[in-house]
Every structure is written in structure tokens, then in C-alpha cells.
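# Descriptive structure summary
Next come the chains, spelled out residue by residue.
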Amino acid sequence: MQCLGAEHLVSSERSPRPRAWRPQIYRKCTDTAWLFLFFLFWTGLVFIMGYSVAAGATGRLLFGYDSFGNVCGRKNSPVEGAPLSGQDMTLKKHVFFMNSCNLEVRDMRLGSIVLCVSSCPEEQLNTLEEVQLFANTSGSFLCVYSLNSFNYTQNPNADSLCPKLPVPPSKSFPLFNRCVPQTPECYSLFASVLINDADTLHRILSGIMSGRDTILGLCILAFALSLALVFTFRLVSTLLVHIFFALVVSGLLFVCGVLWWLYHDYTNDLSVELDNERENMQCVLGFALVSTAITVVLLVLIFILRKRIKLTVELLQVTNKAISTSPLLLFQPLWTLAILVVFWVLWVAVLLSLGTAGAAQVVEGGQVEYKPLSGIRYMWWYHLIGLIWTSEFILVCQQMTIAGAVVTCYFNRNKNDPPDHPILSSLSTLFCYHQGTVVKGSLLIPVVSIPRAVLTSLSHALPEKQRGQAGAWSSFVLRCCSCCLQRLDGCLRHLNQNAYTATAINGTDFCTSAQDALKLFSKNSSHFTSVNCFGDFIIFLGKVLVVCFTVFGGLMAFNYNRVLQVWAIPLLLVAFFAYLVAHSFLSVFETVLDALFLCFAADLETNDGSAEKPYFMDQEFLDVFYLPFLSGFQNSCLLLSSPQQPWFLRRSCLLPKPHSGGSQRFSSRHTGN
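Residues numbered from 1 in each chain as written. Predicted model: local features only at pLDDT ≥ 70, side-chain atom pairs only at ≥ 80, totals over all residues. Heavy atoms only, no water.

### Some remarks on unusual backbone geometry
Leave glycine aside and you will find that most residues have negative phi; peptide bonds, for their part, are mostly trans. With an omega of -5°, the peptide bond between Leu165 and Pro166 qualifies as cis. Despite not being glycine, Asp31 shows a phi value in the positive range, around 55°. Mapped onto the elements of the fold, Asp31 is located in the segment before helix H1 (32-55). Since its relative accessible area comes to 13%, Asp31 is described here as buried. (Helix = DSSP H or I, 4+ residues; strand = E, 2+ residues; numbered from the N terminus. Buried < 20%, exposed > 50% of the residue type's maximum accessible area, 1.4 Å probe, protein only.)

### Description of the pattern of salt bridges
Within this structure, the stated rule accounts for 2 salt bridges. Note that Asp31 is salt-bridged to Lys440, the shortest N-O span being 3.7 Å. Within this pair, whereas Asp31 is found in the segment before H1, its partner Lys440 is found in helix H15 (residues 435-467), the two being separated by 409 residues in sequence. In this structure Lys440 comes out as buried when scored by relative accessible area, which is 10%. (Salt bridge = Lys/Arg side-chain N within 4 Å of Asp/Glu carboxyl O.)

### With respect to H1
Here H1 is 24 residues long and its end C-alpha atoms lie 35 Å apart, about the 34 Å a rise of 1.5 Å per residue gives. Those residues of H1 that sit buried are Leu35, Phe38, Phe41, Leu45, Ile48, Met49, Ser52 and Ala55. (Expected span 1.5 Å × (residues − 1).)

### Considering the packing of helix H7 (residues 212-234) against helix H20 (residues 568-606)
For any two helices packed against each other, one specifies the crossing angle of their axes together with the interaxial distance. Relative orientation of the contacting elements H7 and H20 amounts to 25°, with a least axis distance of 9 Å. With respect to each other, H7 and H20 are oriented roughly parallel. Seen along the crossing, H7 lies across H20 with a hand that is right-handed. Of the residues in H20, those in contact with Ile215, Leu218, Cys219, Ala222, Phe223, Ser226, Leu227, Leu229, Val230, Phe233 and Arg234 of H7 are Pro570, Val574, Phe577, Ala578, Val581, Ala582, Phe585, Leu586 and Phe589. For the contact of H7 with H20, the residue count by class is 18 nonpolar, 1 polar and 1 charged. (Axes fitted to C-alpha atoms, helices over the stretch in contact; angles between N-to-C directions. Parallel < 35°, antiparallel > 145°, perpendicular 65-115°, else oblique. Left-handed = near helix turned anticlockwise from the far one by under 90°. Contact = heavy atoms within 4.5 Å. Nonpolar A, V, L, I, M, F, W, Y, C, P; charged D, E, K, R; others polar.)

### Focus on the side chain of His583
By the element assignment, His583 lies in helix H20. Assessed through its relative accessible area of 11%, His583 is described here as buried. A distance of 3.2 Å separates the side chain of His583 from the side chain of Gln399, its partner in a polar contact. Those residues within four positions of His583 in sequence are excluded, and the remaining contacts are Leu395, Gln399, Lys543 and Glu590. (Polar contact = N/O pair within 3.5 Å; in protein donor to acceptor, adjacent residues only side chain to side chain.)

### A closer look at the state of the cysteines
One pass over the structure, following the stated rule, counts 3 disulfides. A sulfur-sulfur separation of 1.9 Å characterises the disulfide bridge that pairs Cys72 with Cys116. Between Cys72 and Cys116, the S-S torsion sits near -80°, and that sign places the bridge as left-handed. Here Cys116 lies in strand E4 (residues 114-117) and Cys72 lies in the loop between helix H2 (58-63) and strand E1 (94-97), a separation of 44 residues in the sequence. We note that Cys72, like Cys116, is buried. Shown here is the disulfide that connects Cys120 with Cys179, its sulfur atoms set 1.9 Å apart. What sets the handedness of the Cys120 and Cys179 disulfide is the S-S torsion sign, and at about -80° it is left-handed. Of this pair, Cys120 sits in the loop between E4 and helix H3 (128-138) while Cys179 is found in strand E6 (residues 178-181), placing the two residues 59 residues apart along the sequence. For the pair formed by Cys120 and Cys179, the shared burial category is buried. Cysteine Cys256 shares no disulfide, and the gap to the nearest cysteine sulfur, in Cys548, comes to 9.8 Å. For the unlinked cysteine Cys599, the closest cysteine sulfur is that of Cys409, found at 10.0 Å. (Disulfide = S-S within 2.5 Å.)

### Things to note about the side chain of Asp31
In terms of polar contacts, Asp31 uses its side chain to reach the side chain of Thr437, at 2.8 Å. Ignoring any residue separated from it by four or fewer positions in sequence, one finds Asp31 in contact with Gly436, Thr437, Lys440, Asp509 and Phe510.

### So, the nonpolar core
Judged by nonpolar contacts, the single largest core of 122 residues is most densely connected at Phe244, Leu541 and Val592. Considering every element that reaches this core, the biggest residue donor is H20, with 25 residues. Within the second largest apolar cluster, 28 residues are counted, among which are Leu115, Phe134, Tyr145 and Leu147. (Core = buried A, V, L, I, M, F, W, Y, C linked by side-chain atoms within 4.5 Å.)

### Remarks on helix H14 (residues 422-433)
Taking 1.5 Å of rise per residue, the 12 residues of H14 would be expected to cover 16 Å, and the 16 Å separating its terminal C-alpha atoms lies within 8% of that figure. Those residues of H14 that fall on the buried side of the exposure criterion are Pro422, Ile423, Ser426, Leu430, Cys432 and Tyr433.

Given below as C-alpha cells:
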């Protein structure tokens, strides 16, 4: 890889020069230290993966296991010192508790013997004869494996080797395929001991595995909704935008209402004996509060921006025109999603292995227990960081590729002769020179997003408190804190997605690109920046729409089996995956729009529309991005001599007429002045 050694300098001059804001042909590798850090991080992640897979037994979590170390539904290897281990349980897929109506916990383990059976008894068995008849007719043996079914009624030790009578009717529950007793008195005792005895990690994992089919179906739903929104944005019209806003509002209100209804339902039907019920109720209350706050904020913003529907249509039309110059951009989310799915499946498999990592130990009676490996099980936090950082890295690679392709097409003089293979060229530049920048940005931007929001709110809140303080020392401390928070917020404010486009243009490292992009945008009027934010907000609403309908489907699906599983965590996973799927598809429009705005600002910075320095933008960019702002400043040209006039307004009076500057063409491609 070229980043490990080769370095191509644009110039040998030591003194800094102003940014040319043109795609660089000769580049150097950026942020290589961060690429090495990412490699070290993944080395630790691979070690955890390998060790957890080797030490764990996901099959025990997926299928359940008996008291003798046999995993139900599989062939098993013998455990030394356990004579009843190592049996073929391929046809015995259900977990049966011999004393399900009176489970007890002794020395941190269940006192009842657990067996693998072919089927659960659907009717109550009152005598050993009925247990023997059930074994002969169904092939499901409810006594210990060492006792033959013909000896159920003759062996003097049958009372201790067979289930305690009467055997209640049971039904196989999706949670580990356990035979759950159906009589109310047995069910309450069984559930309270079995569920409350399990630790939090196992309850979370059990909820994930019991709802694995639902999670997969909801991810497919998010995929379908994302594709539908992509086609909607491609076929944008005023009517479709109105329908889009109506669906967003309906989805927000619907999800919020369903969450509060579920919380009310939990408070009325709560079983105080189950920790699962209480945990689910608390999570539903948290979801309802958060969704209500988000709904109120988004509805206020939608109401304020409702009159800018025409601008929304124009922004999406310009974005679609830029995509039309390289239509393969719409297929980038497919390979991105494929890579994400492979990584997510691997991540979930390792998570299950972390939860089941343990060593087999033989106890009294030849029974087998698995002692958890506490050290490896508590590495879940490292594994969680790997999920967030790697997923963001994959998505940022897509953003960087799209931004590079847009930059190549924008800074091309001959619009009738587009560049050859802009996506492949951008992808090659990314992997040869800027992987370190992508690694750095994929970690820093998510990390600073939340602190920046907190710092912004604190910096506004401190002055209010400062005025109410009577002491000089308190006033001085608050003033210093406010100043520090503002400075720190200023340092974090430039870390955003525009850094990737600036890197694609100038070939600079992440922090330098972020600062250059911020300086470039700061020279423009607030109206110019607000349009960019409005376009990103519309695309963000599309992601919210996908998440809302996916979460609604999850609420309806998970609520049916809410007693024996913690479904709040699976629902959070579904929401997280749905947002990433929607972000993967809709970020194409977002990245293209952001890249166009930055290219447009760079175009205005380095050109003036004259014959010597014509603009790169075409007529439609002039109509949508630039000329609308002039209508609000018709008298600004009379004040050109005033130094207080913004740079953007002074430059606007020098803009050529639409039929001149926007129609100039050159016969050859040009990437610089």
C-alpha cells in the first residue's frame, strides 16, 4: 500500500500557500498514525473474537443444554467424568425441566435436573404409567437417560430419576426451546425462578436470539423502505414532498402514541414477580419520553420550514442532476450494505460467544456445569466500540468515495465530456492515500457530536446563572468556564462531514480539511449556510421515516412475546440497524448535496465569473444556489464601497448574467485555472 512508504509532494516550497481548491493530481498519505491505531484496535478485536469463539459455545445459548453437558438438537462430545455426556441429541431439540413446578436455586444453580426431549408433554401426566406411555408413543423420554422406558414403573429409584408427578402440560417457548408449563400456578413459579436467576447479559442475549427471525424481518423492511425513499427522491415532485412530510408526521405521532399505550398496558398488567416485565416497562417509559421529545422538536422544525417545499424540490432536482452525471453512485449503498451485513453477522456471533464463554466442570451425580470466564465476558464494551467505529468507518468510506466522484465531475470544464470512471478513481484515491483520514473522522465525529451539543447548551446557560451570582469569585469562575466552553466548542465545531470533501479536493489531512471547509463556509452569508442545513434536514427526515416505521413493526412483533424476553435491547438493535441501512442509502443524496455546496463555495472563492476566471457551475446551479439570494439583497450593490458589506454580497454584484457565465465551455478538461 502506498500509504506505508510512498509520498508524492505537490511542491517543495516550505512556505504555506493559499489553497488552490482544485482536485490535486499528486497527493501524499494523510493521518497514517490513525490508520496504524485502527490496525492495532482491530488486532485486539480479532484476539477477542478468536478467544471467545474458541472458549464459548453459542450452541448452548441457541438450543439450550441439559444437566449433563449435552446441547439439545446437536451431536455432542463427551466430557471427562460425566458418563451421560457426549450423546447424540439431534432429534431431541426441546429442554425439559423435571421439576418445573417447584424450581429451586441451590449454590447458584438450579436444583432440578434438565433433559433434552423430542417433544413437550401437551397433557398432564399423573402417574408413571402415563409417563411410560407418553415415552413409548411419542419417543420423548422424560426420565434420566440411564433409565430405560420399560423400567419406569419397576425401578425402585424411579421417583428420583423421573419427573415429580403430576407433570403439567407444557408448550415449547421460542426462548431456548424450553418446555414451559401452562398451568398458572406452575408458570408463575417457573418464570420467576428461571428468568430472575439469569444474569443481565444472558437475558439480553436470550431476547436477541428468541427474536432473531423478527430482527431479520425488520431489517429487510428497513431495506425496502430505504429503496422506496431513494426512488421517491429520484422522482421528486411537489406532491411527493407533501406526501413525504405527511408520512413523517404520521410516523412520529404513531410511534409516540404506541409507546405510551404500551407503557399504560404494562402498568395495568405488570407481573411483579418477573424482572423482565419491570425492565421492559422501564425501557418503554424511557423510549416514550425520548420519542416524545424528538417528536416535539421535529414537528416544530417541520412547521417552521413548511413553506420551503419549493426549495426542497429544487435542491433534490439539482442533486439528482449531479447524480445523473454518474448514475452508478446509487449502487454504492449496495456493496456498503453487503459489507455491513457481513460485519454485523460476525459481530452478533462473537457477542453470543462472549456470553457463553465458559469451562465445563463436573459436579455431583455426574452433572456438568459451565463456569463463566469473567475476564473475557466483560470485554463486551471493547466489542461495542468495535461495532460503532467499524460501522462508521464503512459508511464514511462510501461518503468519501461519493464526494470524490462529485468533486471530479464538478471541476470539469467540459460538461459534455464527463470524466472517465470517476467512482473508481475516487475509490483508488481513498484506499491509496486517505484511509487514515477516514479512520480518524469515523471516530472523532461521532465522539464529539454529543459533547459538542452539551457544551453548546452549557455555554448558553452559564451566562444566565452568572448574572444571578452575587459573589465576585463565583462570577469570575463562571465567566472562565463560559469562556473555556466557548473555546472548546469552537475547536469541535469544525469537525463535520465537509472535511471529507475538502480532503477529496485538496488532499489534506482530516483536521486541516475540516478547518479549511469551516473557513470557506464562514465567508458566506447565513442564508447560504441555512440552505445547506435545510437540505440535510430533509434527508435526515427520510432516515427518521424509515426508523419510525421499522420501530413500529418491532413494537407490534416483540410485544406478543414480552413475558420471557427482554425485548427492549432487540428493539434498540433494530432501530440502530434500520438507521444505518437508511443512512447508507440516503447518505448518497446527503453527501452529493454537501459536496456540491462546498464545491460551489470553492468556486466562488477562486473565480469571479470573468472570461479569465469563469465559474465551474452550470446554469441550474446559478438558478438554485446563487441567484435566489440576490433577490433579498437588491440594494446591496449600492453599498459596495462599505467595508461592512459581507464578502458574499460584494462578490454577488460581480456575478455575470446567467446566459454568459453559466454557458462558457472549454474543449478540454480542466482541473485548475
